[in-house]
Each structure stands twice: as C-alpha cells, then as structure tokens.
Amino acid sequence: KQWYQRRVPITAGGFIRVNPSGFVFITETEKYLERLRKFEVRDDDTWICTFPKCGTTWTQEMVWCLMNDLDFKTSKTIDLDERMIFIDHIAILDDFISVNFPDTIQQAADMPSPRIIKTHLPFDLLPDQIRMRKKTPKIVHVFRNSRDVCVSHYHHWKILKGFNGGFEMWSRLFLEGYGGYYSPFWKHVESFYLSQYKNIMFVKYEDMKKDMKSSIEAMCGFLECKSYTDDEKTLLQQHLSFKNFKQSPTLNKQTHVKICENVGYSNQDEGAVFVRKGIVGDWVNYFSDELSEKFQEKDAELSRCTGLVIESQLSNSSL
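Residues numbered from 1 in each chain as written. Predicted model: local features only at pLDDT ≥ 70, side-chain atom pairs only at ≥ 80, totals over all residues. Heavy atoms only, no water.

**Q** What exactly am I supposed to notice about helix α13 (residues 212-223) here?
**A** Think of an α-helix as 3.6 residues a turn; residues three or four steps apart then line up on the same face. The terminal C-alpha atoms of α13 lie 16 Å apart, and with 12 residues this matches the ideal 16 Å at 1.5 Å per residue to within 8%. If you check which residues of α13 are buried, you get M212, S215, I216, M219, C220, F222 and L223. Within α13, the buried residues cover an arc of 165° as seen down the axis, which keeps them to one side. Tucked inside the fold, the buried residues of α13 contact β3 (46-50), α3 (56-67), β6 (138-143), β7 (200-204), α12 (205-210) and α14 (230-239). Just downstream of α13 lies E224, where phi reads positive at about 60°. (Helix = DSSP H or I, 4+ residues; strand = E, 2+ residues; numbered from the N terminus. Expected span 1.5 Å × (residues − 1). Buried < 20%, exposed > 50% of the residue type's maximum accessible area, 1.4 Å probe, protein only. Arc of directions from axis to C-beta. Contact = heavy atoms within 4.5 Å.)

Given below as structure tokens:
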C-alpha cells in the first residue's frame, strides 16, 4: 500500500488480488464485484472485452458505427462513452472520485437494446449469466502484442493515474503481473481464449492495422448487421483513421486527460494525450533486448496454452 501511495497517488488505498482468479484491482473494486457478477445480461447484447490499451476505443467505434448505419453525424456530436457504457468504470475509481461519478453498472442496465457494453474484466469476472451460458451475447475480444500494450499502458498510467516510477519499474511490474488493475495481462488474454465460449470473435490489433477493410467485413459478418457498399466501407475506414481519432473530441478522451491534469493526478508533461501514437512496434523505443526476450517468453507460453499466434517481430506502421 505504501509503495503505491508513493508512485500512484490516485490509488492511495492500495491494490488487491481478487480470488480465485488472482487479477489485480484497487481495494474499492471489491464492493462492486457482486453487482457485476449478478448483472442481467441480454442475448442481443454485444460486449467488447479487452485488456486496457489493446485498441478498445478503436474497436468500440467500429462496432458502434456498423450497428448504427454508419451514423457519423451522431458519432461526431455525442461522446463515445455516452453511446456505450464502460460497465466496470465505477469499480476502478477511488471512493473520493466515485461519489460524484455516474453508476456505470446501473447505466448499462438501463440502456435500451441492443446494447453495446465495454468492459476490461477478464472472462472469469464477467456476469454469471455469460460464464454459465444462461445468456449468449456476442463478445468481441481484442488482442494486442504485449510489448506495445506495456508501453501504451505505461503512458496511460502516467497521464490518468499519476504513476511516477519510470518505465523500467513499470515494465517489471507488468511482467510480474502487477501492472495496474486487470493484470496480469497474459492471464487476462488466456481467460478468453480458454473460455470455450462459442459466440465470440477474436480480433488482433495488428490485423486491423494491416487490413482494415477485411477487419470491417469480418466484423460485419460476426455482428450480422446490414451489408455496406465498398464506398461506405471506405468512409468508415477514413472515420477510423488515426488522424480523425486524434482530432475528434468525441473519441480522443481529452476531457478525461484535462480533468486528471486539473486535479493534479497526471504525471505527464503539459499537452498529454490519450490517443498517443496508434502504431505497431513502438516498443522498440523502450525495450532492451533482454527485456524483449522476457516478454517473448511469456508470449510463447501463452501461445502454447491457447494456440494464439503471436508475431515475434512487429513492424512500425501508423493508423
């Protein structure tokens, strides 16, 4: 607790591991787990499930647009966090913040169907109705290579949580399964790939970067939404571009960043951004060969357990 109080001021209460799965959360999370476990799921829900910084916002916007007739006008005027609810958001906030924060679990319950719900929860902590197959909503799971996740998550925690331990410390914490709530990363990914849940689409961030058109077509098929023309798909690709995300106030989450800066949580230079680079391979600017090998060992173990194919060498490319 004292260690985190020094390096992560926003989490003064310290962290806990939630048994039996062993995932990391802040102490305040415990009082919300029962509500999340008993949450009433609907068969026509679509759940977007990711470890943080794996392309969640990008995937959310793709899914929302496909399910809403490419309504770019609404996308440009209503914040993404209002169009779909981050159900466990309330569960990762300290009490002094959550007291004035919307109850996101209740907000998700009140949404009209068909709902799109975002979560960073591992499969083990999803609502009972999903895990026990009493309801079978669509699940979109997004994977991103561990090294880029580590770097992106590091900046996320500096900007929004005030982490001040440096990248060397952060990478060690990430590797050992203490890199912020929802950790460990590899166990989180494994929880979905070994779940044997049938109504799930596994997506890779790197594949979306490589061929967005094919990713859109595959997502259309999974969501069973209307067919779109090639011209409409091109418009969606442009809408999902890094440049648009960077500039769009309904997508770039700069409001969250400014709030953290104003209350003194951010440990980042002025001008910090949530949508940072959006590239594959930025880890090469942070990782030593030795550190990279340790991460690749974890990746290899994950591949053996799940069959997930993980590229060991990743090229740099922008959205």
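**Q** What is the right way to read the packing of aromatic side chains from this model?
**A** Centre distance and the angle of the planes are the two values used to describe a pair of aromatic rings. By the definition in use, this model includes 24 aromatic pairs. Aromatic pair F15 and W157: ring centres 6.0 Å apart, planes at 40°, arrangement tilted. Here the residue F15 occupies a position in strand β1 (residues 15-18), and W157 occupies one in helix α9 (residues 146-161), the gap between them amounting to 142 residues. Ring plane angle 15° and centroid distance 6.5 Å describe the contact between F15 and Y181, whose orientation is recorded as stacked. With a gap of 166 residues between them, F15 in strand β1 and Y181 in the loop between α10 (166-175) and α11 (185-193) connect regions that are remote in the sequence. Under the relative-accessibility criterion, F15 is labelled buried at 18%. (Phe/Tyr/Trp six-rings, centres within 6.5 Å; stacked < 30°, edge-to-face > 60°.)

**Q** For this particular structure, what's the right way to read the sheet that holds β6?
**A** Two strands in a sheet stick together by hydrogen bonds in their backbones, pointing the same way (parallel) or opposite ways (antiparallel). With respect to topology, 5 strands assemble into an open sheet ordered β4-β5-β3-β6-β7, the strand pairing being parallel. The sheet terminates laterally at β4 (85-86) and β7, the two strands that pair on one side only. Across 5 bridges, β3 lies against β6 in parallel orientation. Within the sheet, the bridge partner assigned to T50 lies in β6 and is V142. The sheet strands contacting α3 are β3, β5 (116-119) and β6, and the helix crosses β3 at an angle near 165°. α11 contacts β3, β6 and β7 of the sheet and is inclined by roughly 145° relative to β6. (Pairing = 2+ DSSP bridges. Axes fitted to C-alpha atoms, helices over the stretch in contact; angles between N-to-C directions.)

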